[in-house]
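# Reading the structure
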Amino acid sequence: MADETLFESERRRSRADIAAVLRSLATALESDGPVTLEDGARSIAIDPPNSPTFEIEVEREGDELSLELELEWDESEESPTVESTVADEPPVEVRSLGRFEIFRDRASEWRWRLVHRNGNIIATSGEGYTTKQNALKGMRSVMKNAPEAEVVSK
């Protein structure tokens, strides 16, 4: 099969923006769910297996230094869902109907929210955290401890 680029993003970003993308990827990898990559109107959701090959490469070409991080696996190891979207086009296939977002509120505290793909907010942290790391910790706790929580009517 010929090589096919499903998603690519290359642009200048601040170190803080790059760190935020890497943290988001780390959070998605820790949750054992799909990993979503977004760049403007384009996005792709992939679901790496539990143990993909992870390659780190630092390379020098003339005066240019590069750091490449790569996850690689056979498609037979991948769960069957790969979602790719472009603005104004519906997703090819959908596995997760929502995504978690980490953000700063008006009081400059960190919060998380679960957002349905239609944009509706499904759940929130309910409280502000003084650090982004604590907000991520609270979010991961919900993801880990309530994946199939019981529903009780009162």
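Description of the structure in this document. (Residues numbered from 1 in each chain as written. Predicted model: local features only at pLDDT ≥ 70, side-chain atom pairs only at ≥ 80, totals over all residues. Heavy atoms only, no water.)

A complete count under the given rule lists one aromatic pair for this structure. Directly above the aromatic system of Phe-7 lies the positively charged group of Arg-42, at a separation of 4.9 Å from the ring centroid. Directly above the aromatic system of Phe-103 lies the positively charged group of Arg-113, at a separation of 3.9 Å from the ring centroid. (Phe/Tyr/Trp six-rings, centres within 6.5 Å; stacked < 30°, edge-to-face > 60°. Lys NZ or Arg CZ within 6 Å of the ring centre and 35° of its normal.)

Before going further, it helps to spend a moment on the pattern of salt bridges. Per the counting criterion, the structure on display carries four salt bridges. Where Glu-30 meets Arg-140, a salt bridge forms, and the shortest distance between an N and an O atom there is 2.7 Å. Of the two residues, Glu-30 sits in helix H1 (residues 15-30) while Arg-140 sits in helix H2 (residues 132-145), which places them 110 residues apart along the sequence. Glu-101 is the partner of Arg-99 in a salt bridge, and the nearest nitrogen-oxygen pair spans 2.7 Å. Under the relative-accessibility criterion, Arg-99 is labelled partly exposed at 36%. In this structure Glu-101 comes out as buried when scored by relative accessible area, which is 19%. Three or more residues joined by partner-sharing salt bridges are found here, namely Arg-99, Glu-101 and Arg-113. (Salt bridge = Lys/Arg side-chain N within 4 Å of Asp/Glu carboxyl O. Helix = DSSP H or I, 4+ residues; strand = E, 2+ residues; numbered from the N terminus. Buried < 20%, exposed > 50% of the residue type's maximum accessible area, 1.4 Å probe, protein only.)

What follows deals with H2. Between its terminal C-alpha atoms H2 stretches 20 Å, which fits the 20 Å expected from 14 residues at 1.5 Å a residue. Along H2, the residues classified as buried are Ala-135, Leu-136, Gly-138 and Met-139. Projection of H2 onto a plane perpendicular to its axis shows the buried side chains occupying an angular sector of 160°, all on one side. Facing away from the buried surface of H2 by more than 90 degrees, the exposed residues are Lys-137, Lys-144 and Asn-145. Buried residues belonging to H2 abut H1, strand S6 (98-104) and strand S7 (110-116). (Expected span 1.5 Å × (residues − 1). Arc of directions from axis to C-beta. Contact = heavy atoms within 4.5 Å.)

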